[in-house]
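Residues per chain are reported as follows:
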Amino acid sequence: MAETGTETLRRSPLAHLEERMREAAVTGARGVTLTELPFLTMVNLRVDPSSGTAGRIETALGVPLPRRCGDTAASGPRTILWLGPDEWLVLSPPEEAAASREPEAVALRDALGSDPGSVVDVSANRTTLELSGPSARQVLEKGCPLDLHPRAFGPGRAMSTTVGPVAVLLWQVDDAPTYRLLPRSSFADYLARWLVDAMSEFSRPEVP
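Attention in this report is confined to the structure presented alongside it. (Residues numbered from 1 in each chain as written. Predicted model: local features only at pLDDT ≥ 70, side-chain atom pairs only at ≥ 80, totals over all residues. Heavy atoms only, no water.)

Here five strands make up an open sheet; going across it, the order is S1-S7-S10-S9-S8 and the pairing antiparallel. One side of each edge strand has no neighbouring strand; the edge strands of this open sheet are strand S1 (33-36) and strand S8 (158-163). The mean inter-strand angle of the sheet, taken between neighbouring strand axes irrespective of direction, is 30°. The pairing of S1 with strand S7 (residues 129-132) spans four bridges and is classified as antiparallel. Residue pairing across strands places Thr33 opposite Ser132, the latter belonging to S7. (Pairing = 2+ DSSP bridges. Helix = DSSP H or I, 4+ residues; strand = E, 2+ residues; numbered from the N terminus. Axes fitted to C-alpha atoms, helices over the stretch in contact; angles between N-to-C directions.)

Printed below as a string of structure tokens:
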């Protein structure tokens, strides 16, 4: 993605695989697609959840912080993923697409003030892959140790895990099912190629 004027040049970690991922898409009853959602705003937040500071941050977010492993919370276009007892990842659309909105990290730093805790923009640290379709769960089950059956993992759940050999945050968005995988940018190429390979089986007729 190139931008002109005073803005910087940016290229997403998986721009070079965009066509390959598009060509790997499978349609029909065994369908599955893979796309990159680049440049999401990601802010790492650490604060004592029992403190008054957490209350101010929740007011700024417009939603209570999720308190249990695997829980998420949504407020408008932003989603908060639980990372630990005092740590969260706040996801929202790219700042450029929300110019009328105060930058996420700035608003949260203002809410934190001088109290103990941290607010760090980590948007460049990860990218986001979206895997969706009737066969998406089966693709992930080839290399993810989590129990992804709907009885254990459904929409609104997010966990730190691995897919193949790559550490990711795995978030199920809906019951299509659609999953979003957040790997470190340096591992995104390997993960995307792993997923494309895992998807290839579903382009062929199912063996009875």
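A few words on the nonpolar core. Counting residues in hydrophobic clusters, the biggest one holds 30 residues, and the most contacted among them are Leu129, Leu131, Leu140, Val163, Leu170, Leu181 and Leu195. Of all the elements in the fold, those that place two or more residues in this core are S7, helix H4 (136-141), strand S9 (166-174), strand S10 (178-183) and helix H5 (188-199). Considering every element that reaches this core, the biggest residue donor is H5, with eight residues. When residues no more than four places from it in sequence are discounted, the contact partners of Leu170 are Leu140, Cys144, Leu146, Leu148, Phe153, Arg157, Ala158, Met159, Thr161, Tyr179, Arg180 and Leu181. (Core = buried A, V, L, I, M, F, W, Y, C linked by side-chain atoms within 4.5 Å. Buried < 20%, exposed > 50% of the residue type's maximum accessible area, 1.4 Å probe, protein only. Contact = heavy atoms within 4.5 Å.)

Right, let's get into H5. In an α-helix, one turn spans 3.6 residues; hence positions three or four apart end up facing the same way. Helix length check: H5 (twelve residues) gives 16 Å between terminal C-alpha atoms against 16 Å at 1.5 Å per residue, within 8%. Among all positions of H5, only Ala188, Leu191, Ala192, Trp194, Leu195, Val196, Ala198 and Met199 are buried. (Expected span 1.5 Å × (residues − 1).)

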